[in-house]
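# Topology and contacts: notes
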Amino acid sequence: TVLVVCGPPGAGKTTLVDALVKADPRFARPTWRVTARDETGDVVDEAAFDENLDELAVAFGVGDDAAGPDEEATLLESAVVRKRGLPRSELLGRADGRTAVLDCDVETARRLESVRGARLVGVWVSLNSLEALRERLTRLEAERAMRASPDAANDALRAAAASTDDAAFAAEAARVLADLGVGGECVAKLLRLLAAVSSEPANKMTPENLAICWAPNVFVKSPDSPASMMDLQPAIKLTARLVGVGGAVGGA
């Protein structure tokens, strides 16, 4: 049996599957096999992918087939998926004995219907009105636009830093970093760590001292370029402010 959660983009499919997998150990999210392009543009693992096509129950980007959509991709994942497929062993007869549950678009659900031996149980997810769906899609598009433009996140943080209210600044910083996905989570965790370091007198490191060390890594793309050197002082000032409220940015 395979549980398939399907629906329009932004309806909450992933949220539902994540909650189910977390709450019930009988279910597991299958792992897709992918190829990617690394930072130099070279395709990674494509030969191995093509050699094992017979192991895949569903495949996208193979032959004349265009790569299927990846609604859940985030900006700071290190590569862009070129080919992807779902191994049969992830769906049927899993070694861990758990039932596979996956969120997918309509095209992927259609392909799953042709998997021999798979008993599909489908769940259609949507919101209770077109207006609610429209509002959710608008918010998701705004978040994706933010993820597509780290400069926009940088500008938003600098604008928020103009506030003298530390609590309001911390809340806005947490929101901006959350919109950046995985990369934003990493920055938030780093800020909480640096805040803890600066709060310990024995370390003798103020938020300003730590900002000098970390600002080039967090907010400056190419530290050696003239434009980045000109931007370094504002970046240090912003980083110091973020470290100062770092303990209030995000979760644990």
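Refer to the structure presented above.
What this report covers is the structure whose coordinates are included nearby. (Residues numbered from 1 in each chain as written. Predicted model: local features only at pLDDT ≥ 70, side-chain atom pairs only at ≥ 80, totals over all residues. Heavy atoms only, no water.)

## So, the sheet that holds strand E1 (residues 2-6)
Sheet strands pair via backbone hydrogen bonds, and the direction of the pair is either parallel or antiparallel. What the 4 strands build is an open sheet, ordered E2-E7-E1-E8; its pairing is parallel. In the strand order of this sheet, the two ends are held by strand E2 (27-28) and strand E8 (120-124), each with one partner. Judged from the 2 bridges that link them, E2 and strand E7 (residues 99-104) form a sheet pairing that is parallel. Paired with Ala 28 across the two strands is Ala 100, which belongs to E7. Relative to the sheet, helix H1 (residues 13-23) contacts E1, E2 and E7, its axis offset from that of E7 by approximately 160°. (Pairing = 2+ DSSP bridges. Helix = DSSP H or I, 4+ residues; strand = E, 2+ residues; numbered from the N terminus. Contact = heavy atoms within 4.5 Å. Axes fitted to C-alpha atoms, helices over the stretch in contact; angles between N-to-C directions.)

## Let's talk about unusual backbone geometry
Although it is not a glycine, Lys 204 adopts a positive phi angle of roughly 55°. Within the secondary structure, Lys 204 sits in the loop between helix H8 (182-199) and helix H9 (207-218). By relative accessible area, which is 71% here, Lys 204 ends up exposed. (Buried < 20%, exposed > 50% of the residue type's maximum accessible area, 1.4 Å probe, protein only.)

## Here's the deal with the nonpolar core
The biggest cluster of nonpolar side chains holds 20 residues, and the ones touching the most others in it are Leu 157, Phe 169, Leu 177, Leu 191, Leu 242 and Val 249. Broken down by secondary-structure element, the contributors of at least two residues to this core are helix H6 (150-160), helix H7 (166-179), H8 and helix H10 (226-244). Dropping the residues within four chain positions of it, Phe 169 is found in contact with Leu 157, Ala 160, Ala 161, Leu 238, Arg 241, Leu 242 and Val 245. Counting 14 residues, the second largest nonpolar core, distinct from the first, contains Val 2, Val 58, Leu 91 and Val 115. (Core = buried A, V, L, I, M, F, W, Y, C linked by side-chain atoms within 4.5 Å.)

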